[in-house]
Amino acid sequence: MSLDNLHVDALVVGGGIAGMQSALDLGDQGFQVALVECEPSIGGKMITLSKVFPTLDCCSCITTPKMSAVAHHPNIKLFTYCDVQSVQEADGGYRVNLVQKPRYVDASKCTGCRECEYACPITVPSPFDRGLGAYRTIRVPFSTAVPQVAVLDMDYCILCGKCEKVCAAKAVDFNQQPEPFEIQASTLVVASGFELTPLGAKKEYGGGKLRNVIDPLMMERFLAPTGPYGRVLRPGDGKEPTSIAYVQCAGSRDTTLGIEYCSRVCCMYAIKQAMLISGALPLAEITIYYMDIRTFGKGYEQFYQNAQAMGVEFIRGKVASIREDDDQNPVVKVELTEEGRTIERTHDLVVLSLGMVPVPGSNTALNLPLGSDKFIAIPAPNASPCATAHPGIFVTGAAMGPMDIVDSIVTASSAAAAASAYIREHKKEAVYA
Amino acid sequence: MPENTPNPESPAPVEPEEIRVGVYTCHCGGNISHVVQCERVAKMVGKLANVAVSRTDPSFCSDAGQAIIEQDIKELGINRVVIGACAPSLHEQTFRGAVTRAGLNPYLYHHVGLREQDSWVHASDEEGATEKAMRLMAAGVAKARLLDPLDPIRLGAEKQALVIGGGVAGLRAALDIARQGIRVTLVEKSPFLGGRMAQLESIFPTDEKPRQLLHDLIQAVTAQVGITIFTQAEVTGVSGYVGNFSIQVTQHARGVSPEMAEALTAACTQETPDPFNYSLTRRKVIYQPYPGCYPAAPAVDWQHYDGQPIQVNGKSIVLQDDALVHELIAGAIVLATGFDPYEPRQGEYGYGELSQVITLPQLIRHMALVKNGETLTWNGHPVRSAAIIHCVGSRELDGVHEPQADGQVNNYCSRVCCTASLHTALEMRQRFPRLNIYELYQDIRAYGRGHEEIYRHTQNAAVRFVRYHGDDGPKVIAAPKGDPYPVLVQVKDYLTYGEEIEIPVDLVVLAVGMMPRQVDDLVNMLKISRGADRFLLEAHPKLRPVEMAVRGIILAGTAQGPMNIQESLAAASAAAAKAASLLSLGKVELPPFVARVDPAKCNGNGACVTACLEEGAIALQTFVENGVEVQRAVVTPANCTGCGACVGACPNRAIDVQAWTLAQYDAMVDAIAMDWPELVEVEK
Amino acid sequence: MSDQKNGTPSRGEVLKRLREAHGTTVERSQAMMKEQKQMQNAICQFIRETPKTVPEIAAEIGRPTHEVLWFVAALRKYGIVVEAGMCGDYPLYQRAKEVQV
Ligand SMILES: Cc1cc2nc3c(=O)[nH]c(=O)nc-3n(C[C@H](O)[C@H](O)[C@H](O)COP(=O)(O)OP(=O)(O)OC[C@H]3O[C@@H](n4cnc5c(N)ncnc54)[C@H](O)[C@@H]3O)c2cc1C
Ligand SMILES: Cc1cc2nc3c(=O)[nH]c(=O)nc-3n(C[C@H](O)[C@H](O)[C@H](O)COP(=O)(O)OP(=O)(O)OC[C@H]3O[C@@H](n4cnc5c(N)ncnc54)[C@H](O)[C@@H]3O)c2cc1C
Ligand code: SF4
Ligand code: SF4
Ligand code: SF4
């Protein structure tokens, strides 16, 4: 990869499903695209999921081919492990300053063989498994990562050089430095995605303190074939749970948290996980505590009805608090709003159906105006649904507010259409045969 | 240099290449390997003749998985590839790409659907599923030995698109396609553009004026180079295929010339219920739906015009519908035919029986007719209390709700009615402060950006919420004579712990869902499919969410399923991106799976021509063979769908579908039925 | 990326510079490695012959169950520990025979 100043038609920020789809749509039309991802691999949140609603396709079966298509596309240049430093208007487009963070591995030499990872003596929590799984200080971030290149985390390195010794490709390079570079782009597509509401945001629920109160991405990992335990266990003590509860709207629709909006996907992922758990642990009892079930998408209501038919228990109630009993079991105190009484129920494992919030800091360099929900503002949603307040900067996917994969892909193509029209009009290129 | 140059008359016999098959049994991220013992399958298949390598992987479709296959082709000289994985519809293209990158002809690869055909359907029988996988893979290998390199059919693509439907989605799609340098024809059935959005007064979540937004959009469309608009027009014929559809559009006459329009409209006396106001009012059969509509000129409602002369300036004029027929070509077709509000059955919540029961779209029109500052009345009586019932014609349950005309219940959520109801309730609260408003709902689905705020405002605006259960919905009855209110709504309210309550009201508003518009003719002409919900069906919700299975046909807006305006716009732009990707290069490639005639076996009996279901796909042509004129069947690949109807009809086994030849089928059947107990046992 | 440049510093210089720049994290990580080694050895020792559950291991080596699970998961990932059946609701883990640490 050359870091010389590069001119492209479009620069896409974020390599989740939305960013990848936008890049592919633009590339397919013959535009030159740069895709910038701050993590060592593209794939975003989606690549960490197990199976995806509403089709229950295996998630990597949908994501990995897209990742591969991006990597092989002749019109797409992929920049992973790069941070966007600043964006300025320049020459009728945008000048973007970036930094290639050091991997301490030469990407052009590394074959992804993982010898270094096996040799490395330090084990660290893997964010890919939400900290519940582990990898080594030098590692290929996950088995289907694109690119298949190792990355060394200097924060945990003891500089023992074992990785360097075992690397047949001579790819380990301790001399790497952060390398600033610049890309000039006619238009930007922002696809920086979302984060979950922090697990501990609502103190009453004990998230982050009680080991068996977990976030939903952890459950995605447990259900995935490559998950940290290879099966569904509770992280407190490795027990196979037989009673699992979901607390809906945990971290959404909650004015006390300052998150007033509905996160749109948590009803569906809770139902999906309930169905997948029923498959993995046929004897498990699954309860979903909810206020409103919002299965509004195409085919989603049917999905909800199927879950009810499978025996997933839906209880309308407000969860007031969660405590732990002496056996690490979470005890849920819930106000049954249809009956007017409050009960306590003990479960083996509780999943907080956390909402979606913007990625902290993802907008610092872009400096785009935000909506009251802190996601990137769309000034004219009913006219230009992907246009930000800055002409020539478009937004897609969960960066424009909570949305599921289908909606992310549709808005990604929509942002690509808006961006390509903008590029052509800039180049005065719309020629009619 | 070769020593002797081959005689050009008789080409040197091609050295039969050694067939080296690479076999790849994918775990499919557990989807297959949880049931099928992939390693055993791989080991067994590895022993078959010609198999040079047999491997497994958690997911061959990943970049690393594809790299393994590419490496084998390059380094082990693999020249036939068999992959046992998910459905070919999912990843055949992915693997063709990998095979091509490695320098092999992409059609020297065969895909075995181990997930759909095996692990998913035999989940409870690991042993049986594993043996079946072995047999399916062996059949794949048998076929692969006989694969020939093929070339895709390359066709020029017209850089023109057709958009059917001129609502907000169709308008946006047309604009965005034209902005990519592709000409667009927009065909709208009604005389005016804008669709259902024009019938709204103020839209969530922005409180904007929809007709103003439409006006801006239409202005952009009409100012855009490359867009032709036909109103009062319908597609009446389609032939061809992606890149080259031939389309016939029939356009009704506007019926009145611009000079005569005013006089004729004034003189016209025939009236009909006004669909713009959902029949709450009547209008003339020469009409404009609303001031500021586009095109501005009045049009004749041919469906309702009775053919009687209209007297103008002493002349008696009979309006004439001189329909025009336009022939067009287009490389891609965008369907933006929109939705109809659900029409409740006679008696459903009292609809059609009690005059006080109306639908939400009717209420919106009715409120538009009430002047600002006036009180809300219905049938001349002031409305003191109104109940909005959610989910009418949506979220219906089998065995609880009466089925629709086609025997199915509408079990989907229409997704806009919750927020539209809340938004309308808020407007009622503002304009009619003393009105009692009830919202009877199951779940409030205020999911979108800014929707939850509307819900909260409604809760703070003294709107009473009543929660009912879908299997025990509200009942609407006439109040006994002498009651202060004409109608009673009886419902079990789960916000007050299942208490039976009776709400006296002057007006019941049914928040009806969305149904797809009637498009049977288009469905038949284009040979496209609908889902169980009867909306037009996308090819795959995640991989191809706005494209249909028939290539070149793309979806925009509520023709595909319920959406709000923002979502319709996004889907329309996405459709434009797909049309542009398809057409901007000026050519398309079709798969080579078409019929091929072996002229040596064909005796020209023409059974194939009779059997063929496609227009212009196979025909007899006259050739001169040894000085004798003979008839031989000839296939036009672009028109052939590869259905194989001709193959079965030919008595001489002279026709094959490429990549699915009779010889290949024979080999596969032999392999599947093969006796091989020793192989299976060895593996145990 | 920079190895073509003239005046590439020697390996020793590079490591020295890194050691200076990352002194505190290197120290912290070295301490962490020691602890991890101990923990891993203790776990592997205990389950060398007989498979055990996470609570059993935790009771034996005197560490919290969640911490033990994390190590077991890590050891499992690198093939050092394998699952060996269930004991009630808890999976059993055993030291893999073939693999060296
Ligand atoms: C528990 C859970 C389960 C779910 N299950 C489903 C499901 O079954 N079906 C479904 O349809 N949806 C599901 N979803 C929703 C789905 O995850 C999202 O719709 C989807 O991931 C959004 O994709 P995205 O590309 O917009 O964002 P992301 O996946 O968040 O990707 C954003 C990318 O941008 C990168 N990035 C961020 N900031 C920057 C920056 N400044 N510079 C460079 N790169 C940056 C990130 O590293 C990331 O790679 C689920 C969500 C959760 C939380
Ligand atoms: C009561 C109600 C309130 C709503 N309020 C809001 C709101 O406040 N905010 C919001 O965002 N959304 C709202 N919506 C949703 C909004 O109306 C739709 O999202 C939008 O109108 C869909 O546009 P469309 O172009 O897909 O379909 P349509 O508006 O239905 O347009 C389809 C067009 O195609 C034409 N057509 C159909 N068949 C053919 C054919 N065979 N040949 C040629 N032309 C054809 C039709 O004549 C029509 O012009 C509301 C919906 C309802 C029912
Ligand atoms: S850095 Fe070396 S050892 Fe590590 S994965 Fe890359 S090539 Fe293999
Ligand atoms: S999607 Fe469901 S769980 Fe999530 S915030 Fe909305 S209503 Fe709550
Ligand atoms: S949006 Fe609301 S009213 Fe409409 S069908 Fe869905 S739940 Fe019912």
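What you see is a predicted model; the values in this text were computed from it and never measured. (Residues numbered from 1 in each chain as written. Chains lettered and ligands numbered in written order. Predicted model: local features only at pLDDT ≥ 70, side-chain atom pairs only at ≥ 80, totals over all residues. Heavy atoms only, no water.)

## Digging into the overall build of chain B
In step 1: A count of helical and extended segments in chain B gives 17 helices and 36 strands.
In step 2: Overall, the C-alpha framework of chain B stretches about 105 × 70 × 40 Å when taken along its three principal axes.
In step 3: When contacts within chain B are restricted to residue pairs at least 6 apart in sequence, those whose partners lie at least 24 apart make up 68%.
In step 4: Carbon and sulfur atoms make up 52% of the accessible area of chain B, which totals about 29400 Å².
In step 5: One way to put it: in chain B the 59 positive side-chain charges average out to a point 4 Å from where the 78 negative ones average out. (Helix = DSSP H or I, 4+ residues; strand = E, 2+ residues; numbered from the N terminus. Contact = heavy atoms within 4.5 Å. Areas by Shrake-Rupley, 256 points an atom, 1.4 Å probe, with all protein chains shown as cover. Lys, Arg positive; Asp, Glu negative; His and termini not counted. Charge placed at Lys NZ, Arg CZ, Asp CG, Glu CD.)

## Concerning the interface of chain C and chain A
Think of interface size as the accessible area that goes away when the parts come together; that is how it is often given.
In step 1: Taken together, the 40 residues of chain C in the interface contact 47 residues of chain A.
In step 2: Approximately 3700 Å² of surface area, both sides summed, lies buried where chain C meets chain A, with 53% of it carried by carbon and sulfur atoms.
In step 3: Linking chain C with chain A are 2 salt bridges, by the criterion used here.
In step 4: Ionic pairing is found between Glu164(A) and Arg11(C), a salt bridge with its closest N-O pair at 2.5 Å.
In step 5: At the boundary of chain C and chain A, one finds 19 residue pairs in polar contact (both at pLDDT 80 or more).
In step 6: Elements that contribute at least two residues to the side of chain C that touches chain A include exactly helix 1 (11–21), helix 2 (23–46), helix 3 (54–61), helix 4 (65–77), strand 1 (81–87) and strand 2 (90–95) of chain C.
In step 7: Tallied by class, residues from the side of chain C that touches chain A come to 20 nonpolar, 10 polar and 10 charged. (Buried area = accessible area lost by both parts, 1.4 Å probe. Salt bridge = Lys/Arg side-chain N within 4 Å of Asp/Glu carboxyl O. Polar contact = N/O pair within 3.5 Å; in protein donor to acceptor, adjacent residues only side chain to side chain. Nonpolar A, V, L, I, M, F, W, Y, C, P; charged D, E, K, R; others polar.)

## A short note on the pairing of strand 9 (residues 133–136) of chain A
Residues and elements named next belong to chain A.
In step 1: Of the two faces of strand 9, the one carrying Gly133 and Tyr135 and the one carrying Ala134 and Arg136 are both buried.
In step 2: The sheet contact formed by strand 8 (residues 123–126) and strand 9 spans 4 bridges and is antiparallel. Note on strand 9: the bridge partner recorded for Ser126 is Gly133.
In step 3: Between strand 8 and the antiparallel strand that follows it, strand 9, lie 6 residues; Arg130 among them carries a positive phi value of about 55 degrees. (Buried < 20%, exposed > 50% of the residue type's maximum accessible area, 1.4 Å probe, protein only. Pairing = 2+ DSSP bridges.)

## Observations concerning the domain arrangement of chain A
Residue and element names in this part refer to chain A.
In step 1: Segmenting chain A into domains produces domain 1 (1–101 + 178–193 + 359–433), domain 2 (102–176) and domain 3 (197–355).
In step 2: Its C-alpha centre places domain 2 at a distance of 35 Å from the equivalent point of domain 3.
In step 3: Opposite the 6 residues of domain 2 that make contact, domain 3 presents 9 residues.
In step 4: Summing both partners gives a buried area of about 630 Å² for domain 2 against domain 3, and 64% of it is carried by carbon and sulfur.
In step 5: Counting every contact that joins domain 2 to domain 3 gives 3 residue pairs in polar contact (both at pLDDT 80 or more).
In step 6: Of the residues assigned to the side of domain 2 that touches domain 3, the class counts are 2 nonpolar, 2 polar and 2 charged. (Domains from an automatic or database assignment.)

## So, the site of ligand 3
In step 1: The local shell around ligand 3 consists of Val105(A), Cys110(A), Thr111(A), Gly112(A), Cys113(A), Arg114(A), Glu115(A), Cys116(A), Ala150(A), Cys167(A), Ala169(A) and Ala171(A).
In step 2: Here the shell around ligand 3 is built from residues that sort into 8 nonpolar, 2 polar and 2 charged. (Near = heavy atom within 4 Å.)

## A short note on the environment of Pro592(B)
All names here are of chain B.
In step 1: By secondary structure assignment, the location of Pro592 is in the loop between strand 32 (587–590) and strand 33 (595–597).
In step 2: Residues Pro592 and Asp274 lie 318 residues apart in sequence; the distance between their C-alpha atoms is 52 Å.
In step 3: What Pro592 contacts, discounting residues up to four positions off in sequence, is Tyr107, Leu150, Asp151, Pro152, Ile153 and Gln658.

## Topic: the packing of aromatic side chains
In step 1: Taken as a whole and judged by the stated rule, the model has 21 aromatic pairs over all chains.
In step 2: Here the aromatic rings of Phe95(B) and Tyr109(B) are separated by 6.1 Å at their centres, their planes lie at 65 degrees, and the arrangement is edge-to-face. Here the residue Phe95(B) occupies a position in helix 3 (residues 88–101), and Tyr109(B) occupies one in strand 4 (residues 109–113), the gap between them amounting to 14 residues.
In step 3: On the basis of relative accessible area, Phe95(B) is assigned to the buried category, the value being 1%.
In step 4: Put simply, the rings of Tyr290(A), Tyr304(A) and Phe314(A) touch in pairs and so form one group of aromatic residues.
In step 5: Positioned above the aromatic ring of Tyr290(B), the side-chain terminus of Arg211(B) is 5.5 Å from the ring centre. (Phe/Tyr/Trp six-rings, centres within 6.5 Å; stacked < 30°, edge-to-face > 60°. Lys NZ or Arg CZ within 6 Å of the ring centre and 35° of its normal.)

## Overview of the pattern of salt bridges
Residue and element names in this part refer to chain B.
In step 1: Under the criterion given, the structure shown has 65 salt bridges over all chains.
In step 2: Residues Arg55 and Asp72 are paired through a salt bridge, measuring 2.8 Å at the closest nitrogen-oxygen approach. Placement of the pair is Arg55 in strand 2 (residues 51–57) and Asp72 in helix 2 (residues 63–75), with a sequence separation of 17 residues.
In step 3: A salt bridge links Asp666 to Arg653; its shortest N-O distance comes to 3.1 Å. Taken as a pair, Asp666 in helix 16 (residues 662–673) and Arg653 in the loop between helix 15 (645–649) and strand 36 (655–657) lie far apart in primary sequence, 13 residues in all.

## Looking at the interface of chain B and chain A
In step 1: Residue-level contacts link 82 residues of chain B with 78 residues of chain A.
In step 2: A buried area of about 6300 Å², summed over both sides, lies between chain B and chain A, and 50% of it is on carbon and sulfur atoms.
In step 3: A per-residue breakdown of the area chain B buries against chain A is headed by Arg179(B), Arg449(B) and Lys542(B), which together make up 14% of the total.
In step 4: Viewed at the interface, chain A and chain B are joined by 13 salt bridges.
In step 5: Between Glu338(A) and Arg467(B) there is a salt bridge whose closest N-O contact spans 2.4 Å.
In step 6: Summed over the shared surface of chain B and chain A, the result is 39 residue pairs in polar contact (both at pLDDT 80 or more).
In step 7: Within the residue set of the side of chain B that touches chain A, elements represented by two or more residues are helix 2, helix 3, helix 6 (168–178), helix 11 (451–459) and helix 13 (565–583) of chain B.
In step 8: It is helix 13 of chain B that contributes the most residues to the side of chain B that touches chain A, 12 residues altogether.
In step 9: When grouped by side-chain class, the residues that make up the side of chain B that touches chain A number 37 nonpolar, 23 polar and 22 charged.

## Topic: the site of ligand 1
Residues and elements named next belong to chain A.
In step 1: The full set close to ligand 1 counts 34 residues, and Glu37, Lys45, Lys272, Ala398 and Met403 are the nearest of them.
In step 2: Contact between ligand 1 and Asp404: an oxygen atom at 3.3 Å from a main-chain N or O atom of the residue.
In step 3: Taking 1000 Å² as the accessible area of ligand 1 by itself, protein coverage stands at 96%.
In step 4: Taken together, the elements giving at least two residues each to the shell around ligand 1 come down to helix 1 (17–28), strand 3 (51–52), strand 13 (194–196), helix 5 (216–223), helix 6 (266–280) and helix 8 (405–427).
In step 5: Ranked by residue count, the leading element in the shell around ligand 1 is helix 5, at 3 residues.
In step 6: Looking at the shell around ligand 1, its residues break down into 18 nonpolar, 9 polar and 7 charged.
In step 7: In terms of domain composition, the shell around ligand 1 takes at least three residues from each of domain 1 (1–101 + 178–193 + 359–433) and domain 3 (197–355).

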